[in-house]
Structure formats: C-alpha cells, structure tokens
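Residues per chain are reported as follows:
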Amino acid sequence: MTNYANLLKEYDLKVTPQRVAIVDELYMNGHMNIDELYKKLLDRFPSVSLATIYKNVNSMLEKTFLSEVKIPNAKSVYELVKTEHAHLVCKECGFIEDIMLDSSDIIEQVSKINNFKIDSTDIVLSGTCKKCCK
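Residues numbered from 1 in each chain as written. Predicted model: local features only at pLDDT ≥ 70, side-chain atom pairs only at ≥ 80, totals over all residues. Heavy atoms only, no water.

A word on the sheet that holds strand E3 (residues 86-90). Ordered by their spatial adjacency, three strands build an open sheet running E4-E3-E5, and the pairing between neighbours is mixed. The strands lining the two open edges of the sheet, one partner per strand, are strand E4 (96-99) and strand E5 (124-127). Across the sheet, the mean angle separating the axes of adjacent strands is 25° when strand polarity is ignored. In this sheet, E5 lies alongside E3 in parallel orientation, the contact comprising four bridges. Its bridge partner being in E5, cysteine 90 is matched across the sheet by glycine 127. (Pairing = 2+ DSSP bridges. Helix = DSSP H or I, 4+ residues; strand = E, 2+ residues; numbered from the N terminus. Axes fitted to C-alpha atoms, helices over the stretch in contact; angles between N-to-C directions.)

With that out of the way, let us pick up unusual backbone geometry. Phi at aspartate 12 takes a positive value of approximately 60°, unusual for a residue other than glycine. Tracing the backbone shows aspartate 12 in the loop between helix H1 (4-10) and helix H2 (17-29). In the Ramachandran plot, asparagine 73 falls in the positive-phi region, its phi being about 60° despite a non-glycine side chain. Inspection of the secondary structure puts asparagine 73 in the loop between strand E1 (66-69) and strand E2 (77-80).

Looking at the secondary structure, you find isoleucine 22 in helix H2. Classification of isoleucine 22 by relative accessible area gives buried; the value is 0%. Counting along the chain gives 19 residues from isoleucine 22 to asparagine 3, while the straight-line C-alpha distance between them is 13 Å. Not counting the four nearest positions on each side in its chain, isoleucine 22 is found in contact with Leu37, Leu41, Asn56 and Met60. (Buried < 20%, exposed > 50% of the residue type's maximum accessible area, 1.4 Å probe, protein only. Contact = heavy atoms within 4.5 Å.)

See below:
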C-alpha cells in the first residue's frame, strides 16, 4: 500500500483525510467521476459535501497530481497521474481501460501538416469491450 500522505506532500498538497480518501479510491478503482467519488467518500465521511470533493479534485488537478479524462457524451473521470497513455471506453457498459500507445507518429504527422508544437495528447477510443461483445 502506498503512503498517500507522503505522495500528497511531494506534490505540495495539504494532507487531509478527504484527500487521502480520494487518492485511495482512485488508486483502487482507476477512473472515477465526481459523483462516484462523492458516493464513496460519503460512506467514510457522512458530512462531506459535493463542493469539498470538487475543491479537492481541482486542487489536485492544478498540482498535476490527478488527470482529467474527458469522455465523449459522459462525465469526465479522474485518475492518478501516470505515464502517457490512451483510454479505451466501452459505449455499452462504460468500462474505461488504460492502453499504452505510442502517439509519436500522430504528433509527428500533425507537426508536419500544421507546423504545430504539441505539448500533450489525450486520446480516447470508443467502442465495445470484450465482455459486451460476447
């Protein structure tokens, strides 16, 4: 188990029980939207507000501790910052999976076509997962 308090401190984030709980949930579940986080934290902290969850998630986004994954036609989900990767999203069940893709070819093509310097990529591929295909 990771020491979340030390991890939060490394990112210059104040260690609070709510932040530790958010990190714990994202570590265990991978990708979660604000409503899912709120429901999980409400079990641990009955007086926690939705505004508290938003405030904490936004603070962690600002410090690049969390990443926002924008899912087409759905609420954004959040995850702990990892090495660059893409996401597979099932249109049937909503399952989200990380996939390691080398986006350097895409970056190179775009740079050649538009002379545009790309700083980051956010790739979300939608389709049907193995489970829903059966």
